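Summary of the model geometry
The residues making up each chain are set out below.
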Amino acid sequence: MILAFCYINTALYSQEKNPLLKESNDLKLSDTIFSKTDTNILGKKDSLNLKVNDSILVSKKDSIKKPKELLESAIVHSADSLIRQDIKNNKISLYKNAHIHYKDIDLTAGFIEIDNKTNIVTAKGIKDSVGVYSQLPVFKQGTQESVQDTIKFNFKSEKAKIWNLKTDQQGLIIKGEVSKKHNDSVIFIENIKITSSQKEDPDYYIKVKKAKFIKDQKMVAGASQLVIADVPTPVVLPFVYVPLTKGRTSGFLMPTWGENSTQGYFLQNGGYYFVLSDNFDLAVLGDIYTNGSWGLRTESSYAVRYKFSGSFDFKYESLINSLKGLDDYAKTSNYNIRWSHSQDQKASPNSRFSASVNLGSSKYYKESNNEYNTNSFLNNTLSSSISFYKKFVGTPFNMSLSATHSQNTNTEQISMTLPSLQVNMDRVYPFVGKNGAKNNALQKTGLSYSLKGDNRVTTTDEFFFKKGMFDDAKSGLQHTLGLNTNMKALKYFTLSPNLSYKEVWYFDKLKKTFDDVENAVVTDTISGFNAFREYSTSLSLGTTLYGMFQFKKGSKIEAIRHVVRPSVSYSYRPDFSGYYEEVQNSEDPTDIVEYSPYSNGIYGSPGKGISNSINFSVNNNIEAKVRSKDSTNTESKKIILLNNLNFSTSYNMAADSLKWSPVGVNAGTTLFNNKLSVNANATLDPYAIDANGRKMNTFNFENNGSLFRLTNAGLTLNYSLSSKKEKDGKNSRSESQRNADANNSDGIFGENSIASNQQTPGGGEEEEVKTTKLFGATIPWNLKIAYALNYSNSIRQNEISSNSLMFSGDLDLTPKWKVGFSSGYDIKSQGFSYTQLRFSRDLDSWKLNFNWVPFGSRQSYYFFIGIKSSMLSDLKYDKRQQPDRVLF
């Protein structure tokens, strides 16, 4: 050890000039530590003349013990400019981009001094050529990182004293004047500023005198005060507790307060959040009102990677209106159940399970005081579906089992299938040639089979989830067998014959008898197995015609192509009236009528009478090829002029009258670079009607009318404009915005109001920091317009049945100011539909929102201002005016 240091001079060395310094980077600090006894060991005359009784020799009687290693690992250090080693004071100084590494500790700074006597490292910044204090110490230990003006760190005890600490903990920036690091997880800090603002001069901070910080656990502090824009506010708390755990953690959810004219003052969305496992969580929330109303909600989500994910919500509200004894007193209970489940595609390639459930009280979305789903309120239908699919590998069979639910919230009628079974056989080709060849009609003959079984329940809100809902349940099984093929006819036509067989099984049937006493027909339901069978055949002939019109060279349009697909089909079904029975309809024994015993079945009754009809259809498509304006681009651009123009009708040869069916016409196209979508439909009836509006077996032109009578027509226009241009083939709008629009009826109805326990739309995600340009700023905007017109003239009423215009849009007045609106106008009724105005302001670390429904039954507003950071989401102010509702 002594010999090694004889070659080190106490002068100032440059690391690049002296290679010895490069090798010394891996020296342990323990190698440079000497005690007073060590310096007196050597003789003055000859330091290398060792005697037998020299104390440096190790013997059993030697009183000097070998020094114990003070550090557990080597210290690696480096610097860009200078490294100074002071042997006398046992110190090492590093200057300019100094760096040391010890175990999991990494320290960089402008200047670092290592004191081997005290095991203390001092690091601080340096001033550059213009006098700016730079290269501040950056201390890293494990995943923790902090920036400070000066730090003193003891490598042996791992304690430290820090001046002007700055660290980021789970999105919170903590600044402290003086800090003491007790160990690798506990820090005591004085004069603290806690904020989420990234600015050097933060928008706000919480001022704390003293605090204790425990790594990845919590921060506990004394009295604190909120400071906004360096102005102290009267918001003072006696203590502060901030959880800093990584990932999810259980804890209380703070409620929000407010009042409305019906239930009085309230606290909403208070409760507790449970982290039950890494794959499952649960939030239990409650609402309470001063008039005795209350609400309870549970929200849960679950996920197993590469298997499945989903969420489940249950909401219940007991609402009281007015006071007991008054005429307008009312009490009602509403509930809603939502369940969403999706299976990962990698989980099972041959089976899948999915669920989308939305059911409950029909009046829930209209009467709830804590539900802000705009689309659910405007839509009068609730629907659910739970399904399981299984593919039987090695066979042509697959199976699906499902349960469905449909609920009309206006009529409170509910229809359910519990369950629905579907078994399908993929088409098989029994006459296929060798190696799977299908060269002729026989080899192309395919056989398909399907089995469908349903148990259908129809009920109302009153009997929903009660025993009586199954009293009128209906069930049945239906087998369908199909045989078809296709062949070329006359070279350009495709001929497709088809033969189908259907068998229906019911487990009860109707029996009608005439009661002489009551003088009425009595209907009984007879339980037992019953079945009927039907078969039919059809033959279709179709082709495709292409027409091309070429333009002269030099014109903008290169060519126009017209595609016509005409089709003629013939279908025949025999008369199955043999399944019908007769019953006496009155006292007159000759008054006999026929009825179907299966008229109450879910798959209908057997066909009565012969069906012998010819169907006609013509489909049109028109496209154009346009030359590019760029002369270097040789490829033409295809433009759709007419996406579809279709005509269809049929002629029933077996009917005794009204053999022609109305002509159906529908057309659609897109204009202005796919910004405007146009769709139209119409029904043309060839028969005239009498003075009472009943159809006659007389053609309309024979009744001094036109060739066809327009009975109804419809037109829809959807126009979308935006100042944002697409980049790299993708719209500049974010994925979350596009998904929101896709689930928001094209975004035309407006956005959902923010729930009280959400600090920002979209679940509290922080937005990117935006900068405002004072000059030359662009104003992004988007506008959506939907127009719908329906005309009715089936009985000469000649009226516009509906005529409405709906519109919505957003306007970014500045990069941080955004205004949105959504509304509609019923031109026929001359009134505005649901209208919503939205204002938002990005305040950097804060967010301001104001949603306003100015009129209508949902008239309300919601004001919110709060911090974006989820760690301080409870630091907010919101105010909501609830819509006035009348409970029934």
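Residues numbered from 1 in each chain as written. Predicted model: local features only at pLDDT ≥ 70, side-chain atom pairs only at ≥ 80, totals over all residues. Heavy atoms only, no water.

On a plain count of helices and strands, the protein chain comes out with 6 helices and 54 strands. In the protein chain, which comprises 888 residues, the share counted as buried stands at 34%. Long-range pairs, those at least 24 residues apart, make up 51% of the contacts in the protein chain between residues at least 6 apart in sequence. Carbon and sulfur atoms make up 55% of the accessible area of the protein chain, which totals about 52,000 Å². (Helix = DSSP H or I, 4+ residues; strand = E, 2+ residues; numbered from the N terminus. Buried < 20%, exposed > 50% of the residue type's maximum accessible area, 1.4 Å probe, protein only. Contact = heavy atoms within 4.5 Å. Areas by Shrake-Rupley, 256 points an atom, 1.4 Å probe, with all protein chains shown as cover.)

Right, let's talk about the packing of aromatic side chains for a bit. For the structure shown, the criterion picks out 31 aromatic pairs. Ring plane angle 35° and centroid distance 6.2 Å describe the contact between Phe 850 and Tyr 861, whose orientation is recorded as tilted. Remark: Tyr 861 occurs in strand 53 (residues 860-867) and Phe 850 occurs in strand 52 (residues 846-853); sequence separation between them is 11 residues. Put simply, the rings of Tyr 506, Phe 532, Tyr 579, Tyr 598 and Tyr 603 touch in pairs and so form one group of aromatic residues. Between Arg 352 and the ring centre of Tyr 389, over which it is positioned, the NZ or CZ distance is 4.3 Å. (Phe/Tyr/Trp six-rings, centres within 6.5 Å; stacked < 30°, edge-to-face > 60°. Lys NZ or Arg CZ within 6 Å of the ring centre and 35° of its normal.)

This next bit is on a nonpolar patch on the surface. On the surface, Ile 779, Trp 781, Leu 811, Leu 813 and Trp 817 cluster together to form a nonpolar patch covering roughly 430 Å² of accessible area. Relative to the helices and strands, Leu 811 is located in strand 48 (residues 799-814). (Patch = residues over 30% accessible without salt bridge, like charges linked within 9 Å, V, L, I, M, F, W, Y side chains within 5 Å. Salt bridge = Lys/Arg side-chain N within 4 Å of Asp/Glu carboxyl O.)

The next subject is the pattern of salt bridges. One pass over the full model with this rule turns up 19 salt bridges. In this structure, the salt-bridge partner of Lys 608 is Glu 594, at a minimum N-O distance of 2.7 Å. With a gap of 14 residues between them, Lys 608 in the loop between strand 39 (592-595) and strand 40 (611-626) and Glu 594 in strand 39 connect regions that are remote in the sequence. Relative accessible area serves as the criterion here: at 40%, Glu 594 is assigned to the partly exposed category. For Asp 690, the salt bridge is made with Arg 694, and the minimal N-O distance between the two is 3.5 Å. Three or more residues are tied together by salt bridges with common partners; here these are Lys 199, Asp 203, Lys 816 and Asp 844.

Let's shift gears to the environment of Tyr 570. Inspection of the secondary structure puts Tyr 570 in strand 37 (residues 557-573). We classify Tyr 570 as partly exposed; its relative accessible area is 31%. A sequence separation of 32 residues divides Tyr 570 from Ser 538, and the C-alpha atoms of the two residues are 5.4 Å apart. Those residues in contact with Tyr 570 that sit more than four places away from it in its chain are Thr 537, Ser 538, Leu 539, Asn 612, Ser 613, Ile 614 and Met 653.

Here the focus is the nonpolar core. Formed by 42 residues in total, the largest nonpolar core has its most connected members in Leu 94, Ile 100, Leu 107, Ile 112 and Met 219. If near-sequence neighbours (up to four positions away) are discounted, Ile 100 is found in contact with Val 76, His 77, Leu 94, Ile 105, Asp 106, Leu 107, Ile 112, Ile 114, Val 121 and Phe 155. Core analysis: the next-biggest nonpolar cluster, separate from the first, contains 9 residues, Tyr 335, Ile 414, Val 457 and Phe 464 among them. (Core = buried A, V, L, I, M, F, W, Y, C linked by side-chain atoms within 4.5 Å.)

We now examine the side chain of Ser 300. Relative to the helices and strands, Ser 300 is located in strand 24 (residues 294-304). Contact partners of Ser 300, with chain neighbours within four places excluded, come to Phe 280, Asp 281, Leu 282, Ser 311, Phe 312 and Asp 313.

As judged from the 5 bridges shared by strand 41 (residues 637-652) and strand 42 (residues 663-671), these two strands associate in the antiparallel manner. In the strand pairing of strand 42, Ser 648 is matched with Gly 664. (Pairing = 2+ DSSP bridges.)

Our focus in this paragraph is the confidence of the model for the protein chain. Scored by pLDDT, the protein chain comes out at a mean of 81, with 85% of its residues at no less than 70. Looking over the protein chain, one finds the lowest element-wise mean pLDDT in helix 1 (residues 2-5), namely 31, and the highest in strand 43 (residues 676-685), namely 95. Note that residues 726-747 has pLDDT below 50 and, in this model, 20 contacts with residues that lie over four places away or in other chains. (pLDDT = per-residue confidence, 0-100.)

What follows deals with a positive patch on the surface. Taken together, Lys 124, Lys 152, Lys 161 and Lys 180 make up a surface patch of like positive charges. Counting through the fold element by element, Lys 180 comes out in strand 13 (residues 172-181). (Lys, Arg positive; Asp, Glu negative; His and termini not counted. Charge placed at Lys NZ, Arg CZ, Asp CG, Glu CD.)

Here we come to the side chain of Gln 263. In this fold, Gln 263 is placed in the loop between strand 21 (256-260) and strand 22 (264-277). A polar side-chain atom of Gln 263 sits 3.0 Å from the main-chain carbonyl oxygen of Ile 320. Setting aside its immediate chain neighbours within four residues, Gln 263 contacts Tyr 289, Thr 290, Asn 291, Ser 293, Leu 319, Ile 320 and Asn 369. (Polar contact = N/O pair within 3.5 Å; in protein donor to acceptor, adjacent residues only side chain to side chain.)

The next thing to look at is the environment of Tyr 365. Looking at where Tyr 365 falls in the secondary structure, it is placed in helix 4 (residues 364-367). Owing to a relative accessible area of 4%, Tyr 365 belongs among the buried residues under this scheme. Along the chain, Tyr 365 and Tyr 335 lie 30 residues apart, while their C-alpha atoms are 9.4 Å from each other. At 2.8 Å, the side chain of Tyr 365 and the side chain of Arg 338 are in polar contact. At 3.3 Å, the side chain of Tyr 365 and the side chain of Asn 358 are in polar contact.

A separate point is unusual backbone geometry. The omega torsion across Leu 418 and Pro 419 is -5°, close enough to zero to call that bond cis. Considering the arrangement of structural elements, one finds Pro 419 in strand 30 (residues 413-428). Look at Leu 658: it is not a glycine, yet its phi comes out positive at around 50°. Unusually for a residue other than glycine, Gln 830 sits at a positive phi of about 55°. With respect to the secondary-structure elements, Gln 830 resides in the loop between strand 49 (817-826) and strand 50 (831-832). A residue is classified by how much of its surface remains accessible, and Gln 830, at 63% relative accessible area, is exposed.

Further remarks concern the pairing of strand 6 (residues 120-124). Two strands pair when backbone bridges link them, and strand 5 (residues 105-115) and strand 6 are joined in this way by 5 bridges, in the antiparallel orientation. Bridge assignment links Glu 113 to a residue of strand 6, and that residue is Thr 122. The turn joining strand 5 and strand 6, which pair antiparallel and follow one another in sequence, is formed by 4 residues; a positive phi near 60° is taken by Asn 119. Strand direction decides the pairing type here: strand 6 and strand 11 (residues 150-154), joined by 5 bridges, are antiparallel. Residue pairing for strand 11: Ala 123 is matched across the bridge by Ile 151.

On to the environment of Asn 164, then. Secondary-structure assignment places Asn 164 in strand 12 (residues 160-169). As a C-alpha pair, Asn 164 and Val 147 span 17 residues in sequence and 8.2 Å in three-dimensional space. Asn 164 has contacts with Val 147, Gln 148, Asp 149, Gly 176 and Glu 177, leaving out every residue within four places of it along the chain.

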